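Spelled out from the first residue to the last, the chains are:
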Amino acid sequence: MSTATVIESPPATAPPGTPVAVYACLASPAFRDSALRGVEDFVRRHGWVPVETFIDIAEFASSADERPERAKALALAARGKAKGVVAPGYSMLWRGPEEHAEIADWQGRTGAWVSSPWNTAEVAARLGALRPVRAAP
């Protein structure tokens, strides 16, 4: 069982200048600008540097095998070219406990983090839902 915590707001470990990969899984290319607008603003507010943007066009519940750009974003961080991956929402990076465990394992191996403008500790606190995200047993 992995207990790696998904970092929701990493400003202490991700100072300005930190390189990040941007990832999104969209149902249609028509959603690209609207989906990434919030991510780009979030990255800019933190002073992070987007190294590359990866976009899969796939159904929401598609498996990781059907989202090859996701693998590329994770690999970029695994190679040390980015310190983390920023996505519009965590659900774009994992769907279900197996993919969540995969992300937690990836974090443990790489030291990389994930963040999202819609899944930050600040947003969670406002919604009364502040809790660490952990891999399923």
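For the structure, check the block above.
Please read all numbers here as calculations on a predicted model, not as lab measurements.

Novice: Help me out: how do you make sense of the pairing of strand E3 (residues 49–57) in this one?
Specialist: Successive residues of a regular strand alternate their side chains across the two faces of the sheet. One ladder, built from eight bridges, connects strand E2 (residues 19–26) with E3; its direction is parallel. Paired with Tyr-23 across the strands is Phe-54, a residue of E3. With helix H1 (residues 32–46) bridging E2 and the parallel E3, this β-α-β connection has right-handed handedness.

Novice: Would you explain the packing of helix H2 (residues 68–78) against helix H3 (residues 97–110) in this entry?
Specialist: Helix-helix packing is described using two parameters, namely the angle between the two axes and the distance between the axes. Contact geometry of H2 with H3 gives a least axis separation of 10 Å together with a crossing angle of 20°. With respect to H3, the element H2 is oriented roughly parallel. For the pair formed by H2 and H3, the contact residues are Arg-70, Leu-74, Ala-77 and Ala-78 on the first element and Glu-99, Glu-102, Ile-103, Trp-106 and Thr-110 on the second. Across the contact of H2 with H3, the residue classes tally to five nonpolar, one polar and three charged.

Novice: How do you make sense of the sheet that holds E2 when you look at a structure like this?
Specialist: Note on sheets: strands pair through backbone hydrogen bonds, and any given pair is parallel or antiparallel. One open sheet accounts for four strands, arranged E3-E2-E4-E5; its pairing is parallel. Of all the strands in the sheet, just E3 and strand E5 (113–115) have a single pairing partner and so form its edges. Averaged over all adjacent pairs, the angle separating strand axes in this sheet is 25°, with direction ignored. Here H3 sits on the sheet in contact with strand E4 (84–86) and E5, set at roughly 130° to E5.

Novice: Sorry, what's going on with the nonpolar core here?
Specialist: Counting 33 residues, the largest nonpolar core has Tyr-23, Trp-48, Val-85, Val-86, Trp-106 and Val-114 as the members making the most contacts within it. Elements supplying a minimum of two residues to this core: E2, H1, H2, E4, H3 and E5. Ignoring any residue separated from it by four or fewer positions in sequence, one finds Trp-106 in contact with Leu-74, Ala-77, Ala-78, Val-85, Gly-111, Ala-112, Trp-113 and Val-114.

Novice: How should the packing of aromatic side chains be read in this particular structure?
Specialist: The geometry of an aromatic ring pair is captured by the separation of the ring centres together with the interplanar angle, meaning the angle of the planes. For the structure shown, the criterion picks out three aromatic pairs. The interplanar angle of 50° and the centroid separation of 4.8 Å between the aromatic rings of Trp-48 and Trp-113 together place this pair among those described as tilted. Here Trp-113 lies in strand E5 and Trp-48 lies in the loop between H1 and E3, a separation of 65 residues in the sequence. Relative to Trp-94, the ring of Tyr-90 lies with its centre 5.0 Å away and its plane at 20°, an arrangement referred to as stacked. Summarising the burial analysis for this pair, Tyr-90 and Trp-94 share the class buried. Here the aromatic residues Phe-42, Trp-48 and Trp-113 are joined through ring pairs into a cluster of three or more.

Novice: Mind showing me how you'd approach the pattern of salt bridges here?
Specialist: Note on pairing: side chains with opposite charge can pair once their charged atoms come close. Enumeration according to the criterion identifies five salt bridges in this entry. Glu-99 is the partner of Arg-67 in a salt bridge, and the nearest nitrogen-oxygen pair spans 2.5 Å. Remark: Glu-99 occurs in helix H3 and Arg-67 occurs in the loop between E3 and H2; sequence separation between them is 32 residues. With relative accessibility at 0%, the residue Arg-67 sits in the buried group. Residue class for Glu-99 comes out buried when judged on its relative accessible area of 10%. Note that Glu-102 and Arg-70 form a salt bridge whose closest N and O atoms lie 3.0 Å from each other. Of this pair, Glu-102 sits in helix H3 while Arg-70 is found in helix H2, placing the two residues 32 residues apart along the sequence. Classification of Arg-70 by relative accessible area gives buried; the value is 2%.

Calculation criteria
Residues numbered from 1 in each chain as written. Predicted model: local features only at pLDDT ≥ 70, side-chain atom pairs only at ≥ 80, totals over all residues. Heavy atoms only, no water. Pairing = 2+ DSSP bridges. Helix = DSSP H or I, 4+ residues; strand = E, 2+ residues; numbered from the N terminus. Right-handed = clockwise from strand over helix to strand, strands pointing away. Axes fitted to C-alpha atoms, helices over the stretch in contact; angles between N-to-C directions. Parallel < 35°, antiparallel > 145°, perpendicular 65-115°, else oblique. Contact = heavy atoms within 4.5 Å. Nonpolar A, V, L, I, M, F, W, Y, C, P; charged D, E, K, R; others polar. Core = buried A, V, L, I, M, F, W, Y, C linked by side-chain atoms within 4.5 Å. Buried < 20%, exposed > 50% of the residue type's maximum accessible area, 1.4 Å probe, protein only. Phe/Tyr/Trp six-rings, centres within 6.5 Å; stacked < 30°, edge-to-face > 60°. Salt bridge = Lys/Arg side-chain N within 4 Å of Asp/Glu carboxyl O.

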